[in-house]
Amino acid sequence: MGGGSDLTALTVAELAGLLAQRKMSSVELTEACLSRIARHNEALHAFIAVYADEARAAAKAADLARGAGYALGPLHGIPFGLKDLVDLEGKVTTGGSKVWEKRVSPSTGTLARTLVANGMIVAGKTHTVEFAFGAWGTNQHMGAPRNPWDLHEARTPGGSSSGSGVAVAARLVPWAVGT
C-alpha cells in the first residue's frame, strides 16, 4: 500500500494531539482518508459504503466547534469505519447478507451514537461476513476484503470484522469498529 509521511500514517493518539494543538484540521484528515479510500478500496474491498459528503460536512463542523472552544473530547474530528453490523439511521445495514441488502436502519445503534456524540466521523460502513458469523473474514455473497499486505495472494484478512481490520491496516481510516 506504500509508505509515506501523510496524515494516514499517524496513530489515533498522534492525530488527536495534532487536532487539539490545531496543527491539523479534521477537514485535512478526512480528505486524506477519503482520498486513500478512493484510491485503494476497489482492490481492498474494505468498505461496503463510503459516506464522503456526510464525512466532509462532519469534519467542517468538528473544525468549527474546536475553533470555538467546544471540543467534544480527544477523538473529536477523527474519521472511522463502522462495521456493517451496526445501524445508522437512514443508512443501509446489510449485516453482510444479501437478504438485508436494501434494509434501511430505522435508528442508530448505541455504539455508533456514542462515537458520533463524541465527535467521531463515520467515513463509511466496512464489510463483514454474513451476520458476523464466521472466522475467516470472507463473504461469498457480498464480497470479501483483501489482505492489504499481499494483494497477489488470497489470504484471509481476519474474522467477521475483516473489513474494519483491512481499513485500519491499509490506513484508509485511523480507527474502525469491530465486534
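Parameters at a glance
Residues numbered from 1 in each chain as written. Predicted model: local features only at pLDDT ≥ 70, side-chain atom pairs only at ≥ 80, totals over all residues. Heavy atoms only, no water. Helix = DSSP H or I, 4+ residues; strand = E, 2+ residues; numbered from the N terminus. Rg over C-alpha atoms; globule rule 2.2 N^0.38 Å. Buried < 20%, exposed > 50% of the residue type's maximum accessible area, 1.4 Å probe, protein only. Contact = heavy atoms within 4.5 Å. Areas by Shrake-Rupley, 256 points an atom, 1.4 Å probe, with all protein chains shown as cover. Lys, Arg positive; Asp, Glu negative; His and termini not counted. Charge placed at Lys NZ, Arg CZ, Asp CG, Glu CD. Patch = residues over 30% accessible without salt bridge, like charges linked within 9 Å, V, L, I, M, F, W, Y side chains within 5 Å. Salt bridge = Lys/Arg side-chain N within 4 Å of Asp/Glu carboxyl O. Phe/Tyr/Trp six-rings, centres within 6.5 Å; stacked < 30°, edge-to-face > 60°. Lys NZ or Arg CZ within 6 Å of the ring centre and 35° of its normal. Polar contact = N/O pair within 3.5 Å; in protein donor to acceptor, adjacent residues only side chain to side chain.

To continue, consider the overall build of the chain. Counting its secondary structure elements, the chain contains five helices and three strands. For the chain, the N- to C-terminal ordering of α and β elements is α-α-β-α-β-α-β-α. Taking 2.2 N^0.38 as the reference for a compact globule, 179 residues should give roughly 16 Å; the C-alpha atoms of the chain span a radius of gyration of 16 Å, in line with that estimate. Seen through its principal axes, the chain has C-alpha atoms that stretch 45 × 40 × 25 Å. Per-residue burial over the chain gives 44% buried out of 179 residues. When contacts within the chain are restricted to residue pairs at least 6 apart in sequence, those whose partners lie at least 24 apart make up 67%. Total accessible area on the chain is roughly 8,800 Å²; 58% of this is exposed by carbon and sulfur atoms. Here the chain holds 17 positive side-chain charges and 15 negative ones, and the gap between their average locations is 2 Å.

Our next topic: a nonpolar patch on the surface. Among the surface-exposed residues, V99, W100, F131 and F133 lie close enough to one another that they form a single nonpolar patch of about 490 Å² accessible area. Take V99: it is sitting in the loop between strand 2 (79-83) and helix 4 (110-117). With relative accessibility at 69%, the residue V99 sits in the exposed group.

Moving on: the packing of aromatic side chains. Per the counting criterion, the structure on display carries one aromatic pair. The ring of W100 is capped by R103, whose NZ or CZ atom sits 4.4 Å from the centre of that ring.

Taken as a whole and assessed by the stated rule, the structure comprises seven salt bridges. R56 is the salt-bridge partner of E31, the closest N and O atoms lying 2.5 Å from each other. Linking E31 in helix 2 (residues 26-44) with R56 in helix 3 (residues 52-67), this pair joins segments that are 25 residues apart in sequence.

To continue, consider the environment of L115. Following the sequence through the fold, L115 ends up in helix 4. With a relative accessible area of 11%, L115 lands in the buried category. Placed 11 residues apart in sequence, L115 and T126 show a C-alpha to C-alpha distance of 16 Å. Excluding anything up to four places from it in sequence, L115 contacts F80, M120, W175 and V177.

So, about the side chain of N41. With respect to the element layout, N41 can be found in helix 2. Judged by relative accessible area, N41 falls into the buried class, the value being 14%. A polar atom in the side chain of N41 sits 3.0 Å from the backbone nitrogen of A46.

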